[in-house]
Amino acid sequence: MGRQFYLDLAAGGLCMPIGTDLVMHEESEPEKVRKDGSALARVIERAARRWGTPLAVPLMDLILEKIDLLALAAVSEADAETFHFAAPLDETMLAKLCGEQAEPLCAGSRARNEALAYISTQTDLVPIGMAIGPFSLVTRLLADPITMVAMAGSGLDEEDSEEGKLLWQCLCISEAAVLRSVRSQIAHGAKAIMVCEPAASRAFISPRQLKAGSNLFERLVMEPNLRLKAALDSAGCDFIFHDCGELIDPMVEAFAHRLHPVMLSLGCSRNLWEDARLAPKDVVLYGNLPSKSFYSDGAMPVEEVVRRTEELVEKMKTCSHPCIVGTECDVLFVPNAQDSIWKKVDAMMSCAAACCP
Amino acid sequence: MAQSKELYDAILNGDAKKAHAATQVALAAGVAPMTLISESMVPAMDEVGRLFEQEEYFVPELLLAGRAMKSSMELIRPLMIASGEKMAAKVVIGTVKGDLHDIGKNLVASMLEGGGFDVIDLGIDVSPEKFVTAVTEQDPQIVCMSALLTVTMPAMKTTIDALKSAGLRARVKVLIGGAPVSMQYAKEIGADGYSENANSAVGLVRTLLANA
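As the structure is a computational prediction, the values presented were derived from the model and not from experiment.

The rules behind these values
- Residues numbered from 1 in each chain as written.
- Chains lettered and ligands numbered in written order.
- Predicted model: local features only at pLDDT ≥ 70, side-chain atom pairs only at ≥ 80, totals over all residues.
- Heavy atoms only, no water.
- Helix = DSSP H or I, 4+ residues; strand = E, 2+ residues; numbered from the N terminus.
- Buried < 20%, exposed > 50% of the residue type's maximum accessible area, 1.4 Å probe, protein only.
- Contact = heavy atoms within 4.5 Å.
- Areas by Shrake-Rupley, 256 points an atom, 1.4 Å probe, with all protein chains shown as cover.
- Lys, Arg positive; Asp, Glu negative; His and termini not counted.
- Charge placed at Lys NZ, Arg CZ, Asp CG, Glu CD.
- Core = buried A, V, L, I, M, F, W, Y, C linked by side-chain atoms within 4.5 Å.
- Expected span 1.5 Å × (residues − 1).
- Axes fitted to C-alpha atoms, helices over the stretch in contact; angles between N-to-C directions.
- Parallel < 35°, antiparallel > 145°, perpendicular 65-115°, else oblique.
- Left-handed = near helix turned anticlockwise from the far one by under 90°.
- Nonpolar A, V, L, I, M, F, W, Y, C, P; charged D, E, K, R; others polar.

Colleague: So what exactly am I meant to see when it comes to the overall build of chain B here?
Modeller: When you go through chain B residue by residue, the secondary structure sums to nine helices and five strands. Counting from the amino terminus, chain B carries its helices and strands in the arrangement α-α-α-α-β-α-β-α-β-α-β-α-β-α. With the principal axes as the frame, chain B shows a C-alpha extent of 50 × 40 × 30 Å. Taking all 212 residues of chain B together, 55% fall into the buried category. The contacts of chain B with a sequence gap of at least 6 include a subset with a gap of at least 24, amounting to 73%. Looking at chain B as shown, the accessible area adds up to about 8,800 Å², and 54% of this sits on carbon and sulfur atoms. Averaging the locations of the 19 positively and 25 negatively charged side chains of chain B gives two centres separated by 4 Å.

Colleague: What is the right way to look at the nonpolar core in this model?
Modeller: As a rule of thumb, soluble globular proteins bury nonpolar side chains together. Judged by nonpolar contacts, the single largest core of 209 residues is most densely connected at Phe255 of chain A together with Ile11 and Ile176 of chain B. Ranked by residues supplied to this core, first place goes to helix α11 (residues 162-187) of chain A with ten residues. In this structure Phe255 of chain A touches Ala200, Phe217, Val221, Met222, Phe241, Asp243, Leu247, His260, Pro261 and Leu264 of chain A, once residues within four positions along its chain are discounted.

Colleague: When you look at helix α17 (residues 338-355) of chain A in this model, what are you seeing that I'm missing?
Modeller: Count 3.6 residues to each turn of an α-helix, and residues three or four apart come out pointing the same way. Helix length check: α17 of chain A (18 residues) gives 26 Å between terminal C-alpha atoms against 26 Å at 1.5 Å per residue, within 8%. Where the residues of α17 of chain A are buried, they touch α2 (20-24), α4 (37-50), β6 (284-289), α16 (302-319) and β7 (323-327) of chain A.

Colleague: What is the right way to read the packing of helix α6 (residues 128-138) of chain B against helix α7 (residues 154-165) of chain B from this model?
Modeller: A pair of packed helices is captured by two measures, namely the crossing angle of their axes and the spacing between those axes. All names here are of chain B. As a packed pair, α6 and α7 sit with axes 9 Å apart at the nearest point and diverge in direction by 45°. As summarised for this structure, α6 and α7 are arranged oblique, according to the angle between their axes. In this structure, α6 crosses over α7, and the sense of that crossing is right-handed. In this structure, α6 contributes Pro128, Phe131, Val132 and Val135 to the contact, and α7 contributes Thr158, Thr159, Ala162 and Leu163. Its residues assigned to classes, the contact of α6 with α7 shows six nonpolar, two polar and no charged.

In short, geometric facts, not functional conclusions.
Next comes the structure, spelled out in structure tokens:
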């Protein structure tokens, strides 16, 4: 689509949640939709129509790449979520996990691809793909990822130790898995990919270690994502970067300037109008109403959602940075709280529409 | 004051190998296990917590310190069991049913251990029945529940209800934590407390015990 497309959407006052999960839960059997390409496509299309956006955003289902990766190691889908590598991989397994696999193995990934193909060929919407970021996938492959990353960044552990070796192997296989996923999604029609790196945050990478000269953020986050971005660029696919983790300014700056996504989606720990100074003017900022709290009327009343939406719209206008008002992350279904959540999504949409007539 | 400066520093710096070695040296010199806990380990973890509050330390430093503390406890715990000594109080902790995330829960468990508590970790995907059984069998003063997902959060209320039904609710203080959880939610489901992060969980447990 190209960068200008997103800048025009921002200039036109687009507001939209990442809300496909919410719409999916209006179905009688939502969990079946995840694995049914045509049903998923209809849900994605309905979500986009509902919010009047040309962007057809799939579910933010960040387990799919892990399931597909582990399938190559003969780990079942049922065991994938809790599976962690405990020891370094042998060369044969490493080569296998880094190898080619044109089509994803799990039903959820295949459904996502089928939905992309439908959106791409049967609608006027922009088919957006979705993938976990390489570093965030690494953290899902290890039982104690923060400690392992912290050890690597502290100088307390040698890189050729068992733990150190496993960490870098996991980065290698994660990057390969994410690349396989995005290539497959592009082959099925994705015009942009939203890469989600919530673990690339100060919870996993210590600002103290960075200040002391650790290059972990560079090696674990930036380098693989720069290679991923290059792959998307060469395929003519737009790069959208999402990170709702707690970030420090240099991280935001690195994402905005060096990854240079068409859209940078941030969590509610950031003030977008302050982050505008950290981003080039051709990067649309997306977010970041506190949707993780929408389920609670006590913690996040409708009035507060309206206030924050107004504040965001006004302050982004003041700083003249392109922005699409939306949510800090995927707005997830919460049992018995759907009315509260919908009320707030609707309030955000109405308020933004009123502020940007 | 029988503080082992080496052990204190090793924990503060998150160096598990040095913590282990310093503990061996202190024990060989005749320092009592409980003295090592109360005069070196707990003060070190308190300082780690203080540095975290001041944003000089972050989650990775908390975990490294916890890891160092654990390597020390590996030597100390068997001696305490053998001598019949007990920790300050007992905490049962777990990630609620349906939720497979354990990073936050492990961090809280680690900080509580560092704070001198006896921590019974039930793991992930813990059913209300398993919490009830643990409270019955272990007789803890505190139950901590964690959830990362909005969809699994309601299991916290189900667990509290299960404790009530089993007649155990009054015996324990219940704390909750996790990304989607709030103080408001804690009040709504009848929990005794909510902690925003692992470090403040230690202070909250101490406060609840002091007020019990």
